[in-house]
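Report on the structure
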Amino acid sequence: MSTTFRNIMSDVNYGISNVGTVMTSCAGSQHQLRPYSGKLERVKFGVPLDQVCKTDLPGPLLMMLLKLNKEGPFKKEVFRAPGHQGSMRKLIHFLQQGRLVNIQNYSLNTIASVLKKFL
């Protein structure tokens, strides 16, 4: 394996392992950090993007995009293959309710399908 590829992959893994830093820094310096209230921001499906992402991308969507960014390039036809319908309904329900979601429990195809529904 070339050293350039190793350096790139270590940067990707470093970025994923420090998601907490990414999550807190995405809001920008003008926002004050609040203690966790037990709910995340709700993701609204079927609403124009400018209304959903007024200040920033909702946290759960950012996590889904980070997983796609990390694992997607190594898998064929991520956006073409459909996700599991039951898992998609469950994930969408959790996102709409603002509940915590462990993204690692969902396949890449399911996450890609949910993101397509969001867009």
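Below you will find a few notes about this structure. (Residues numbered from 1 in each chain as written. Predicted model: local features only at pLDDT ≥ 70, side-chain atom pairs only at ≥ 80, totals over all residues. Heavy atoms only, no water.)

Digging into unusual backbone geometry
Keep this limit in mind: Under the scheme used here, helices are H or I runs from DSSP no shorter than 4 residues and strands are E runs no shorter than 2 residues, and both carry numbers assigned from the N terminus.
In this structure, Glu77 takes a positive phi of about 50 degrees despite not being glycine. Relative to the assigned elements, Glu77 resides in the loop between helix H4 (59–71) and helix H5 (85–97).

Side note on the nonpolar core
Here is the rule: Only buried residues count toward a nonpolar core, which is a set of Ala, Val, Leu, Ile, Met, Phe, Trp, Tyr and Cys residues joined through side-chain atoms within 4.5 Å. Only protein chains enter the accessibility calculation, which uses a 1.4 Å probe. A residue is then buried if its area is under 20% of the maximum for its type, exposed if over 50%, and partly exposed in between. Every residue pair with non-hydrogen atoms within 4.5 Å of one another is taken to be in contact.
Ranked by internal contacts, the top residues of the largest apolar core, which has 20 residues, are Phe45, Met64, Leu68, Leu91, Leu95, Ile111 and Val114. Those elements that provide at least two residues to this core are H4, H5 and helix H6 (108–118). The greatest single-element share of this core, amounting to six residues, is contributed by H6. Non-local contacts of Leu68, meaning those with residues more than four positions away in its chain, are made with Pro73, Val78, Phe79, Leu108, Ile111, Ala112 and Leu115.

Details of the environment of Gly86
Mapped onto the secondary structure, Gly86 falls in helix H5. The class for Gly86 is partly exposed, based on a relative accessible area of 27%. Taking the C-alpha atoms as reference points, Gly86 and Thr110, separated by 24 residues in sequence, lie 9.5 Å from one another.

Some words on H5
Applied cut-off: Here the expected span of a helix is defined as 1.5 Å times the quantity of residues minus one. Taken from the helix axis, the directions to the C-beta atoms give the arc we talk about.
Between its first and last C-alpha, H5 extends 18 Å over 13 residues, near the 18 Å set by a 1.5 Å rise per residue. Buried residues of H5: Met88, Leu91, Ile92, Phe94 and Leu95, and no others. For H5, the arc enclosing every buried residue in end-on projection is 160 degrees, short of the 170-degree limit, so these residues lie on one face. On the buried face of H5, the contacting elements are H4 and H6.

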